[in-house]
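Working through the structure, step by step
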Amino acid sequence: MIAKKNYAEKAQMKKTLKMHEESSSRRKADEDVQEGAVPAYLLDRENTTRAKVLSNTIKQKRKEKAGKWEVPLPKVRPVAEDEMFRVIRSGKRKTKQWKRMVTKATFVGPGFTRKPPKYERFIRPSGLRFTKAHVTHPELRCTFCLEIIGIKKNPNGPMYTSLGVMTRGTIIEVNVSELGLVTPAGKVVWGKYAQVTNNPENDGCINAVLLV
């Protein structure tokens, strides 16, 4: 069912893109009655016009779906599991070793509630939880302190993304409503992606570059 829906969406997207191709398409110009005589070397030449249709929103949507972002840090150092987690011994005699404490900066939503300690496998210390990031706009050359909405992708794996772990190279979503950015249609942009460029656990803050 989902595959069928995705296929239909993809087919529709391809049709729309074909209609609005940016590549300059040549077509015959409407025959106009020309005044005066035409030179012999122009008699067999057809008048063509270049039609150039820009479809920013469609291309942007396709780019988002494919996830092809030109990021400031295309390659980052992979973080080992031993570096990411610390084993926490639990139980009456400290013999159980199934709990893990996250040693990197994390983000949890505003309505986050911890599980009871008995059932919590991954512990995210409150001292390493961040809600704001220092985001630099590459074109404006200005830095803004913006609220984090969520974690889009952690390059180390989907498990770290779901845990909300922020390491160098992580793509985060930030609230840019204060910046007053608008779309070509005139709507206010609310959320935008940014890439973390520092090691937050070492610096005590999150520095990121906005993906424009």
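Check the entry above for the structure.
Because the structure is predicted, anything quoted here is derived from the model rather than measured. (Residues numbered from 1 in each chain as written. Predicted model: local features only at pLDDT ≥ 70, side-chain atom pairs only at ≥ 80, totals over all residues. Heavy atoms only, no water.)

**Quick word on the sheet that holds strand β8 (residues 142-153)**
Definition in use: If DSSP finds at least two bridges between two strands, the strands pair. What counts as a helix is a DSSP run of H or I of at least four residues, what counts as a strand is a run of E of at least two, and both are numbered from the N terminus. Orientation is described by lines fitted to C-alpha atoms, with helices fitted over the stretch in contact, and by angles between N-to-C directions that extend from 0 to 180 degrees.
Around the barrel, five strands lie side by side as β7-β8-β10-β11-β12; this closed barrel has mixed pairing. Within the sheet, the average angular offset between the axes of one strand and its neighbour, ignoring direction, is 50°. Looking at chain direction, strand β10 (residues 171-175) and strand β11 (residues 191-196) are connected through five bridges and run antiparallel. Across the sheet, asparagine 175 pairs through a bridge with glycine 191, a residue of β11.

**Some remarks on the pairing of β8**
Pairing of strand β7 (residues 132-137) with β8, which is carried by six bridges, proceeds in the antiparallel orientation. If you follow threonine 136 over to β8, its bridge partner there is threonine 143. Remark: four residues form the turn of the hairpin made by β7 and β8, two consecutive strands paired antiparallel; arginine 141 in that turn has positive phi of roughly 60°. Both β8 and β10 contribute to a ladder of four bridges, which runs antiparallel. Among the inter-strand pairings, isoleucine 148 is bridged to a residue of β10, identified as valine 174.

**Let's talk about the sheet that holds strand β6 (residues 122-123)**
Taken in spatial order, the three strands of this open sheet run β3-β4-β6, and their pairing is mixed. The outermost strands of the open sheet, each flanked by one partner alone, are β3 (85-90) and β6. Where strand β4 (residues 96-102) and β6 come together, two bridges link them in parallel fashion. Pairing of methionine 101 across the sheet is with isoleucine 123, part of β6.

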